[in-house]
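Examining the three-dimensional arrangement
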Amino acid sequence: MELFNYFRSSASYRVRIALALKGLDFEYVPVHLVRKEQQQPPFADLSAARLVPLLRTDEGDSLTQSLAIIEYLEETHPTPPLLPADALGRARVRALALDVACEIHPLNNLRVLRFLVHDLKLSDDDKNRWIRHWIETGLAAVEQQLASHPATGRFCHGDTPTLADLTLVPQIFNAQRFEARLEPLPTVMRIFEACMALPAFSQTQPSACPDATA
Ligand SMILES: N[C@@H](CCC(=O)N[C@@H](CS)C(=O)NCC(=O)O)C(=O)O
């Protein structure tokens, strides 16, 4: 398998964690987003949306959308499971993952930030306020759900990592990078620390990637 990705991309990091938890080997193919390599061949020929991550399977199929890629890995390599065995649990885990992947992440994507600055002429300060606003608002909703639900355990759902943790942890890296306030998130940060104690999370973090730069 080949994973087209970028060290700082949180959607890519989700897939790197899933591959690591499932013990799957892959070739790391860097796509430098700041140099706009996602908009040029060969990557642009593979990805209509010009977004990483993209997973090329051993059979040569190209899969996009991190959550769809992770669900594909889950179905093809079910052990260890990243989704709970019960339907209610799966709905909760998917909802937590989507709270990050749909409600926070897209608003702060590189192309959105570029549009704010280059087309709408926002200052860097305003852009950073935008980023922090959506991270803090979105993570507050996640915190409330985690703190109030009996199924929250060592991780977002129980005592083993699930899709919800795979989505949450990369978002915290993003929050730290943009100096969003994390003090109001004790449950989120406790789970973040528990995840980072696992090699599958720490060894795939942005700074550990082959294309990492300062
Ligand atoms: N919903 C997509 C999001 C993918 C995405 O937004 N990727 C970002 C990096 S995290 C990207 O490639 N951005 C390139 C750009 O904005 O031009 C997924 O989960 O895979």
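Position numbers for residues start from 1 in each chain and track the written sequence from start to end. Restriction of local features to residues with pLDDT of at least 70 applies here, the model being predicted, together with a cutoff of 80 or more for giving and counting side-chain atom pairs; totals for whole chains, interfaces and linings are based on all residues. In computing side-chain properties, one takes all heavy atoms of the structure into account and sets aside hydrogens as well as water.

Right, let's talk about the side chain of Gln171 for a bit. Strands here mean DSSP runs of E at least two residues long; helices mean DSSP runs of H or I at least four residues long; both are numbered from the N terminus. Examined against the element boundaries, Gln171 turns out to sit in helix H7 (residues 163-177). Setting aside anything within four residues of it in sequence, one finds Gln171 in contact with Val100, Ile104, His105, Ile135 and Leu139. We call two residues contacting when some pair of their heavy atoms lies within 4.5 Å.

Turning to the environment of Glu27, a few remarks are in order. By secondary structure assignment, the location of Glu27 is in strand E2 (residues 27-30). On the basis of relative accessible area, Glu27 is assigned to the partly exposed category, the value being 46%. Sequence separation between Glu27 and Phe4 is 23 residues, and the spatial gap between their C-alpha atoms is 8.5 Å. Once you skip the residues sitting within four places of it in the chain, Glu27 turns out to touch Met1, Glu2 and Leu3. Exposed residues in this analysis have more than 50% of their type's maximum accessible area, buried residues have under 20%, and partly exposed residues fall in between, with area computed by a 1.4 Å probe over protein chains only.

This part is about the sheet that holds strand E3 (residues 54-56). Only when DSSP finds a minimum of two bridges between them are two strands counted as paired. Judged by pairing direction, the sheet is mixed, and its four strands sit side by side in the order E2-E1-E3-E4 without closing on themselves. What marks the edges here is a single partner per strand, and that holds for E2 and strand E4 (62-64). Across the sheet, the mean angle separating the axes of adjacent strands is 25° when strand polarity is ignored. Judged from the four bridges that link them, strand E1 (residues 2-5) and E2 form a sheet pairing that is parallel. Note that in E2 the partner of Glu2 across the bridge is Glu27. Against the sheet, helix H1 (residues 10-21) touches E1 and E2, its axis set at about 155° to E1. Interaxial angle, 0 to 180 degrees, is taken between N-to-C directions of lines fitted to C-alpha atoms, where a helix line uses only the stretch in contact.

Take the site of the ligand next. Each residue is tested against the molecule or strand, and it is near if at least one of its non-hydrogen atoms lies within 4 Å. Within the structure, the ligand sits among 15 residues, and Gln38, Val52, Gln65, Ser66 and Asn109 are positioned closest to it. One nitrogen or oxygen atom from the main chain of Arg111 is found 2.9 Å from an oxygen atom belonging to the ligand. Residue assignment for the shell around the ligand shows that the elements contributing at least two residues are H1 and helix H5 (110-119). If you tally residues by element for the shell around the ligand, the top one is H1, at three residues. What qualifies as a polar contact is a pair of N or O atoms within 3.5 Å, subject to a donor-acceptor requirement within protein and to the restriction that residues adjacent in sequence count only when both atoms come from side chains.

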